[in-house]
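Chains, contacts and geometry: an overview
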2 protein chains.
Amino acid sequence: MKGPARAKSMVFFYVAQMTAAAAAVMVLVWCINFRGGLAFESTNKSLIFNVHPVLMLIGFIIMGSEAMMCYRVLPWSKKANKLIHLVVHGIALVLGAVGISAAFKFHNESGINNLYSLHSWLGLGTISLFAIQWILGFITFFYPGASMSVRATSLPWHALFGVFVYLLAIATAELGFLEKLTFLEGSGLYRYSPEAFLVNSTALVVILLGASVVLSLIAPHVENTKIYNAE
Amino acid sequence: MKGPARAKSMVFFYVAQMTAAAAAVMVLVWCINFRGGLAFESTNKSLIFNVHPVLMLIGFIIMGSEAMMCYRVLPWSKKANKLIHLVVHGIALVLGAVGISAAFKFHNESGINNLYSLHSWLGLGTISLFAIQWILGFITFFYPGASMSVRATSLPWHALFGVFVYLLAIATAELGFLEKLTFLEGSGLYRYSPEAFLVNSTALVVILLGASVVLSLIAPHVENTKIYNAE
């Protein structure tokens with residue numbers, strides 16, 4: 001990787017770390033300060049719901065963001081970076097699955113329908129594609145591992161499909177913020193309240209996170225395009 | 001552009017045309033058959049609202065999709081393709097602005113708050129960025145036109161920022177489908193009704209449209225990556 005490209009990629013990486021930290025703090029402030037906290041078991045079913053946005057954002061999206069970036073950014077060997085990439089994505093998948101189960105648990109214990117909304121459709125689709133991508137990546141690049149020519153052919157598609165699934169996850173999070181806030185506003189929350197402002201702002205920060213993560217991954221390619229054009 | 005890359009790019013182009021046609025039909029069936037039709041002036045304010053999804057999807061997103069792809073796909077000279085790219089994007093911008101004004105008109109005449117939702121925040125942000133991108137593109141690549149070196153440096157950023165704004169538009173459309181359907185379901189529409197299924201399915205087709213448009217734009221790059229890796 002060339003010097004300037006690496007530098008640009010790192011700028012986006014640092015922006016991604018800052019937006020990830022901001023988004024994590026904001027979702028915690030929302031769910032704990034404004035919505036009463038988190039619980040897996042409670043007579044106050046809202047506390048069970050609150051596990052969902054926290055785990056999906058911090059456990060699935062932010063953990064997935066780090067897993068994507070670490071492969072490119074960490075200073076160790078390709079083999080070590082690949083193992084970390086694989087393990088951190090695996091943790092994200094597990095935390096995401098637990099986060100989704102919290103939403104189902106909240107629905108079931110509150111007598112709310114399951115799987116009728118676009119958020120739920122896209123969310124289940126996203127984590128299913130994520131799981132398929134993880135398994136295919138494991139088989140192709142880790143164990144038993146495909147031939148070098150298959151790996152070389154698969155790699156750009158693995159990266160491209162990974163970015164696609166990541167963007168789906170970001171879009172699903174946006175839908176989740178809007179859906180929950182619309183419900184709360186339907187139950188009396190003032191539309192211009194500090195809480196509404198916090199939730200919408202968190203959703204915007206998540207978009208900045210997604211953009212900076214994707215840029216940190218493709219920045220060298222942009223640089224390369226310029227180099228090829230200039231040559 | 002190499003043969004196989006061009007072929008692959010064309011496959012995604014055809015998929016984009018099919019999903020665009022499907023999405024256009026679906027949003028019209030929704031707004032006309034299920035929601036009573038379109039009107040700029042009416043005592044039935046819902047008909048004014050219905051102009052919004054139709055113009056945003058067909059006028060802004062589908063027109064914008066065609067404008068992005070035509071630069072790469074049309075068989076004419078670079079100059080002719082560029083002019084079409086510019087004009088069709090200009091039409092998309094105008095239709096999008098009219099579509100947004102229909103939403104404000106509906107809100108104002110129905111006594112509904114403006115600009116409180118994530119959908120409205122992202123939507124206004126998206127069309128503003130789109131307008132900035134159009135103006136910068138006009139100045140840099142059309143009239144008066146920047147120097148060749150500035151053009152060469154700007155082009156990959158123009159393309160990258162264009163894709164970013166396009167993805168924001170797709171995400172905003174998803175939010176719009178979910179928001180409107182949540183309101184309708186809050187007013188009594190059955191959550192597993194044919195209409196709910198139609199709206200969610202339209203939203204999924206729009207995601208497929210977005211994915212196929214972006215793939216039709218970057219497909220050669222994927223192909224190039226493989227060629228560079230193999231060499």
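Residues numbered from 1 in each chain as written. Chains lettered and ligands numbered in written order. Predicted model: local features only at pLDDT ≥ 70, side-chain atom pairs only at ≥ 80, totals over all residues. Heavy atoms only, no water.

Identification of chain A as Cytochrome b561 domain-containing protein from Canna indica is taken from an unreviewed UniProt entry. The UniProt entry for chain A carries this comment under Cofactor (unreviewed entry): "heme b". (UniProt positions renumbered as here; feature names shortened; annotations may be inferred.)

Before going further, it helps to examine the UniProt feature "transmembrane region" (unreviewed entry) in chain A. Residue and element names in this part refer to chain A. When the UniProt feature table is mapped onto this chain, "transmembrane region" (unreviewed entry) is found at residues 12-35, 47-71, 83-106, 118-143, 155-177 and 197-219. A distance of 32 Å separates the end C-alpha atoms of residues 12-35, which is 96% helix and 0% strand. Along residues 197-219 the backbone is 100% helical and 0% strand, and the end-to-end C-alpha distance reaches 32 Å. (Helix = DSSP H or I, 4+ residues; strand = E, 2+ residues; numbered from the N terminus.)

Now for the UniProt feature "domain: Cytochrome b561" (unreviewed entry) in chain A. In this numbering, the UniProt entry assigns the feature "domain: Cytochrome b561" (unreviewed entry) to residues 15-218 of chain A. From the first C-alpha to the last, residues 15-218 of chain A spans 14 Å; its make-up is 84% helix and 0% strand.

Scanning all chains against the criterion turns up 20 aromatic pairs over all chains. Both rings, one in A:Tyr190 and one in A:Tyr192, keep their centres 5.8 Å apart while their planes meet at 70 degrees; by these two values the pair is edge-to-face. Taking relative accessible area as the criterion, A:Tyr190 reaches 54% and is therefore assigned exposed. Taking the relative accessible area as the measure of exposure, A:Tyr192 reaches 39% and is therefore partly exposed. Through pairs of rings, three or more aromatic residues link up here, namely A:Tyr116, B:Tyr190 and B:Tyr192. In this structure, A:Lys180 packs its charged tip against the face of A:Phe49, placed 3.8 Å from the ring centre. (Phe/Tyr/Trp six-rings, centres within 6.5 Å; stacked < 30°, edge-to-face > 60°. Buried < 20%, exposed > 50% of the residue type's maximum accessible area, 1.4 Å probe, protein only. Lys NZ or Arg CZ within 6 Å of the ring centre and 35° of its normal.)

Further remarks concern the packing of helix α2 (residues 45-73) of chain B against helix α5 (residues 148-186) of chain B. All names here are of chain B. Between α2 and α5, whose axes approach to 11 Å, the crossing angle comes to 155 degrees. Considering their axes alone, α2 and α5 lie roughly antiparallel with respect to each other. Pair α2 / α5 crosses with left-handed handedness. Between α2 and α5, the contacting residues are Phe49, Leu57, Phe60, Ile61, Ser65 and Met68 on the first element and Gly162, Val163, Tyr166, Ala169, Ile170, Ala173, Phe177 and Lys180 on the second. For the contact of α2 with α5, a count of residues per class yields eleven nonpolar, two polar and one charged. (Axes fitted to C-alpha atoms, helices over the stretch in contact; angles between N-to-C directions. Parallel < 35°, antiparallel > 145°, perpendicular 65-115°, else oblique. Left-handed = near helix turned anticlockwise from the far one by under 90°. Contact = heavy atoms within 4.5 Å. Nonpolar A, V, L, I, M, F, W, Y, C, P; charged D, E, K, R; others polar.)

Once that is clear, we can look at the nonpolar core. Membership of the largest hydrophobic core comes to 100 residues, with the highest contact counts inside it found for A:Ile61, A:Phe177, B:Ile61 and B:Phe177. Excluding its chain neighbours within four sequence positions, the residues that come into contact with B:Ile61 are B:Met56, B:Tyr166, B:Ala169, B:Ile170, B:Ala173 and B:Leu209. (Core = buried A, V, L, I, M, F, W, Y, C linked by side-chain atoms within 4.5 Å.)

On to helix α5 (residues 148-186) of chain A, then. Residues and elements named next belong to chain A. Taking 1.5 Å per residue as the helical rise, α5 with its 39 residues ought to reach 57 Å, and the 56 Å between its terminal C-alpha atoms agrees with that figure. The largest bend along α5 reaches roughly 35 degrees and is located at Ser154, with the proline Pro156 sitting one to four residues downstream. One or two residues past the end of α5 sits Gly188, with phi positive at roughly 115 degrees. (Expected span 1.5 Å × (residues − 1). Bend = angle between axes of the 7 residues up to and from the residue.)

Here the focus is the relation of the copies chain B and chain A. Structural alignment of chain B on chain A gives an RMSD of 0.0 Å, achieved by rotating through 180 degrees and translating 0.0 Å along the axis. What the superposition gives is, in effect, a two-fold axis relating one chain to the other. A shared binding surface is used by both copies, with 98% of the interface residues of chain B retained as interface residues in chain A. (Least-squares fit on C-alpha atoms with pLDDT ≥ 70 in both.)

Moving on, we get to the pattern of salt bridges. For side chains bearing opposite charge, pairing can occur when the charged atoms are close. All names here are of chain A. Counted by the stated rule, this structure contains eight salt bridges over all chains. Linking Lys45 and Glu109 is a salt bridge whose minimum nitrogen-to-oxygen distance equals 2.9 Å. Residue Lys45 is found in helix α2 (residues 45-73), and its partner Glu109 is found in helix α3 (residues 78-110); the two are separated by 64 residues along the sequence. (Salt bridge = Lys/Arg side-chain N within 4 Å of Asp/Glu carboxyl O.)

This next bit is on the packing of α2(B) against helix α3 (residues 78-110) of chain B. All names here are of chain B. Between α2 and α3, the shortest axis-to-axis distance is 8 Å and the interhelical angle comes to 165 degrees. Taken together, α2 and α3 sit at an angle that is classed as roughly antiparallel. As α2 packs across α3, the resulting crossing turns out to be left-handed. Grouping the constituent residues of the contact of α2 with α3 by class yields 22 nonpolar, ten polar and five charged.

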